[in-house]
Structure formats: structure tokens, C-alpha cells
Amino acid sequence: MNRKQNSLTIEKRQTRNDFLRIRFLLFGFCASALFVLILCIHYSSTLPDTVGRALTEQERTEIKGRNSPLIDYIFLSPNANFPRENDVQKITIHHMGGNLSLEALGESFSQQDRRASSNYAIDSSGRIALYVEEANRAWTSSSRENDHQAVTIEVANDETGGDWHVSDEAYKALIALCVDICQRNRIEELNFTGDANGNLTIHKMFSDQTECPGAYLEGKMGEIARAVNEGLLR
């Protein structure tokens, strides 16, 4: 075989190898895409049929009966584990990082690619929303372990930046909601220990990437625990 024929043979072999590599890459891509599609279909099929849509009055009444009677607005998020793995034993407080309406936050939590939610939220007028039923784990606190035990609450800020202040109306609603959660879940007393060992926790305990719930609410945590415990004694 002369040099020219040998060169052609090598080129053909390289072309065939390149073609095989491309086929394998395409096969791997298609297999991965199919796997992701199957996971998405399976996940969607396991979601409650009340998630991500407007509810009938009867559905709202039934959901409210399973959760807090203080609820003013319901829009259930797909971003949750159904059901949670543990009984409710804790409450974790967050701030919105802005003065969002309940409707706007609900729209944000309805986006599956955001992968975030909370059980409840409170706006600056004191209205309360439910996004994830208490029987399910919301994706809120950067901690799977905490969120499987905790009811999580987002509170609107009436001040952007600074201490991230919240309104008096939101604060009063927060106390009332915490009392109600404790009563229905047989939590006899809230304890804020300043770390994750207490049953009243805050987001920043589980992530060094956030200052949530902001200086104002963080400074009120002991007071919140005392006010809730007083409410539990009435």
C-alpha cells in the first residue's frame, strides 16, 4: 500500500471514529433528555390537583380547615415535598426582602424553576397567605432537615434595606399566626435559643449566604417567643 492509500485509509478511520463519537454523544443527550422528561412527568403526576390554579370556594374552605383559619389568600405552590417527613415541631421566620403583595409572592412561588416556597406569608397590611399546606414541606430555609419539621413564614418589609423593618400590622398577624400554628400542632412553648436547637428558628441559621429575616425581626425573636407563649396560656 502506497503512502497516498495509507493516508486515505487513516482519514476514513478517523472519519468513522468521529461519526461514532457523535452518535454516542447524541445518544447520551437524547437519553438524558428522556430521563429528565420522565422525571418531570412523574413529578407533575404526583402533585395534588389543587396546586398552581385558582380554587373553588369549597376547595378553599376544605384547605383552610386543614390549616390556619386566619388565612386570607390561597395559591398553592408546586415547590414542596408532599407530604413532609416529620410532624410539625418548629416555626421558622423569614422576610420577603421587599414589600410584596401576597399575590405577587404566590406568582413567584408558582414557578417551578425558582424552586422556592413557604408555608405562609404575611403582607404589610397583616393579610395572611397559604402557599404550601402545613402537612407538606415548603422549600424555604436552605435546610431540608429544618423545613421537614418547621412551618415557614415569609413576612413583608415596609422598609427596603436598613433593618428591614416590618409593619405593626404584619407583626401582630405574625404573633397571631404563630399562636394558631402552635395550638393546632400541639407545640406547648416556643423557645428561641439563638441557634438551630430551638423550635423558633430563622433562615440565617441555615445559610451564611443570607441575613434573612433582617435585623428588625431577628432582634424581635425573643419577644416573639414570649408573646406567642403568652397567647398559648390564654
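This text follows the structure it describes.
Since the structure is predicted, the reported quantities are computational estimates derived from the model, not experimental observations.

Engineer: Requested: an account of the overall build of the protein, with residues and values cited.
Structural biologist: The number of helices and strands found in the protein is seven helices and eight strands. Across the protein, every contact between residues at least 6 apart in sequence was considered, and the portion connecting residues at least 24 apart equals 72%. About 13,100 Å² of surface is accessible on the protein, with carbon and sulfur atoms providing 52% of the total.

Engineer: Explain the side chain of Asp 123 to me, and be specific about the residues and the numbers.
Structural biologist: Relative to the helices and strands, Asp 123 resides in the loop between strand E4 (120–122) and strand E5 (128–130). By relative accessible area, which is 8% here, Asp 123 ends up buried. Of note is the side chain of Asp 123, whose polar atom sits 2.8 Å from the side chain of Ser 125. Discounting chain neighbours no more than four positions away, the residues touching Asp 123 are Leu 100, Leu 102, Ala 156 and Ala 170.

Engineer: Mind laying out the sheet that holds strand E3 (residues 90–95), listing which residues take part and the relevant values?
Structural biologist: One key point about sheets: their strands pair by backbone hydrogen bonds, in either a parallel or an antiparallel sense. Pairing is mixed in the open sheet, where six strands are placed in the order E1-E5-E4-E7-E3-E8. Each having just a single partner strand, strand E1 (73–74) and strand E8 (200–202) make up the two edges of the open sheet. The pairing of E1 with E5 spans two bridges and is classified as parallel. Residue pairing in the sheet places Ile 74 in a bridge with Leu 130 of E5.

Engineer: Tell me what's going on with the packing of helix H5 (residues 168–184) against helix H7 (residues 221–233), and back it up with residues and numbers.
Structural biologist: The contact between H5 and H7 brings their axes to 9 Å, and the two run at 55°. Overall, the two elements H5 and H7 adopt an arrangement that is oblique. Like other packed secondary-structure pairs, H5 and H7 cross with a definite hand, here right-handed. Between H5 and H7, the contacting residues are Tyr 171, Leu 174, Ile 175, Cys 178, Val 179, Cys 182 and Gln 183 on the first element and Glu 223, Ile 224, Ala 227, Val 228, Gly 231 and Leu 232 on the second. Across the contact of H5 with H7, the residue classes break down as ten nonpolar, two polar and one charged.

Engineer: Run through unusual backbone geometry, naming residues and quoting values.
Structural biologist: Pro 83 follows Phe 82 through a cis peptide bond whose omega is -5°. Mapping Pro 83 onto the fold places it in the loop between strand E2 (80–81) and E3. The omega torsion of the bond from Cys 212 to Pro 213 falls at 20°, within 30 degrees of zero and hence cis. Looking at the element boundaries, Pro 213 is found in the loop between E8 and helix H6 (214–219). Even without a glycine there, the phi angle at Arg 115 is positive, about 55°. Among the structural elements, Arg 115 can be located in the loop between helix H3 (102–109) and E4. Since its relative accessible area comes to 58%, Arg 115 is described here as exposed. Phi angles above zero are rare outside glycine, and Arg 186 is one such case at about 55°. What makes Arg 186 exposed here is its relative accessible area of 74%.

Engineer: So what's going on with the packing of aromatic side chains? Which residues, and what values?
Structural biologist: Under the counting rule described, the total for this entry stands at one aromatic pair. A centroid spacing of 5.3 Å and a plane angle of 80° characterise the contact between Phe 109 and Tyr 131, whose relative ring orientation is edge-to-face. Here Tyr 131 lies in the loop between E5 and strand E6 (137–138) and Phe 109 lies in helix H3, a separation of 22 residues in the sequence. For Phe 109, a relative accessible area of 3% corresponds to the buried category. Looking at Tyr 131, the relative accessible area reads 0%, which means it is buried. It is Lys 220 that lies over the ring of Tyr 171; its NZ or CZ is 5.5 Å from the centre.

Reading guide: rules and limits
Residues numbered from 1 in each chain as written. Predicted model: local features only at pLDDT ≥ 70, side-chain atom pairs only at ≥ 80, totals over all residues. Heavy atoms only, no water. Helix = DSSP H or I, 4+ residues; strand = E, 2+ residues; numbered from the N terminus. Contact = heavy atoms within 4.5 Å. Areas by Shrake-Rupley, 256 points an atom, 1.4 Å probe, with all protein chains shown as cover. Buried < 20%, exposed > 50% of the residue type's maximum accessible area, 1.4 Å probe, protein only. Polar contact = N/O pair within 3.5 Å; in protein donor to acceptor, adjacent residues only side chain to side chain. Pairing = 2+ DSSP bridges. Axes fitted to C-alpha atoms, helices over the stretch in contact; angles between N-to-C directions. Parallel < 35°, antiparallel > 145°, perpendicular 65-115°, else oblique. Left-handed = near helix turned anticlockwise from the far one by under 90°. Nonpolar A, V, L, I, M, F, W, Y, C, P; charged D, E, K, R; others polar. Phe/Tyr/Trp six-rings, centres within 6.5 Å; stacked < 30°, edge-to-face > 60°. Lys NZ or Arg CZ within 6 Å of the ring centre and 35° of its normal.

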